[in-house]
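Working through the structure, step by step
Each chain, letter by letter, is given below.
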Amino acid sequence: MALNKPYLDVPGTTVFDAEQSRRGYWLNQFCMSLMKAENRERFRANERAYLDEWSITEEQKQAVLARDLNRCIDLGGNIYFLVKIGATDGISVQNMVSTMTGMSEEDYRQMMLAGGRGIEGNRFLNETGRQA
């Protein structure tokens, strides 16, 4: 039974709710496996083979291989788990999230130091006349 989810009306926002948790369970478990050095080495040696050991969808595998973190989130990934991929790649969280915004790392850093994104374009869709 579908629940009322008023947060679906916020553009560019994916809330990690129970549905997302179920959808991304194995993707997030894969990410957590990267906490162990031996698993990071196995993943770096053959990413596809390591991903094939997990019960994740082909779409999730492709998102990981492409390092498309926005797509990983769409497919149930949780950013707190996904950062393990960046750590495995030797990439900072700031660098990872800057790629999710389409900004350079420096531009992202400066935006955050200046107080973050402005409200314009980040309102509820129903306030703008658009639909979710």
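First things first, this report covers the structure right here in the doc.

About the cut-offs
Residues numbered from 1 in each chain as written. Predicted model: local features only at pLDDT ≥ 70, side-chain atom pairs only at ≥ 80, totals over all residues. Heavy atoms only, no water. Helix = DSSP H or I, 4+ residues; strand = E, 2+ residues; numbered from the N terminus. Buried < 20%, exposed > 50% of the residue type's maximum accessible area, 1.4 Å probe, protein only. Areas by Shrake-Rupley, 256 points an atom, 1.4 Å probe, with all protein chains shown as cover. Salt bridge = Lys/Arg side-chain N within 4 Å of Asp/Glu carboxyl O. Contact = heavy atoms within 4.5 Å. Phe/Tyr/Trp six-rings, centres within 6.5 Å; stacked < 30°, edge-to-face > 60°.

Of regular secondary structure, the protein chain possesses 10 helices and zero strands. By residue count, 31% of the 132 residues in the protein chain fall in the buried class. Of the roughly 8,300 Å² of accessible surface on the protein chain, a fraction of 53% belongs to carbon and sulfur atoms.

Excluding glycine, residues mostly have negative phi values, and the peptide bonds linking residues are mostly trans. Residue R67 is not a glycine yet carries a positive backbone phi of 55°. Here R67 is to be found in the loop between α5 (58–66) and α6 (69–74). Classification of R67 as partly exposed rests on a relative accessible area of 25%.

On to the pattern of salt bridges. In the structure shown here, the tally under the stated rule is 12 salt bridges. A salt bridge links D17 to K5; the shortest N-O distance between them is 3.0 Å. Of the two residues, D17 sits in the segment before α1 (18–23) while K5 sits in the segment before α1, which places them 12 residues apart along the sequence. In this structure, D17 and K5 share a single accessibility class: buried. Taken together, the salt bridges that share partners define one network made up of R48, D52, E58 and K61.

Moving on, we get to the environment of Q94. Position of Q94 among the secondary structure elements: in helix α8 (residues 93–101). Residue classification places Q94 among the partly exposed residues on the basis of a relative accessible area of 31%. Spatially, the C-alpha atom of Q94 lies 9.2 Å from that of E106, the residues being 12 residues apart in sequence. Among all residues touching Q94, those that are not within four sequence positions of it are E105, Y108 and R109.

In the structure shown here, the tally under the stated rule is seven aromatic pairs. Taken together, a centroid distance of 6.0 Å and an interplanar angle of 55° make the contact between F30 and Y50 tilted. Of this pair, F30 sits in helix α2 (residues 25–33) while Y50 sits in helix α4 (residues 47–52); the two residues are 20 residues apart in sequence, bridging distant segments of the chain. Here F30 and Y50 have matching classes, each one buried. Clustering of aromatic rings is evident, with ring pairs tying together Y25, W26, F30, F43, Y50 and W54.

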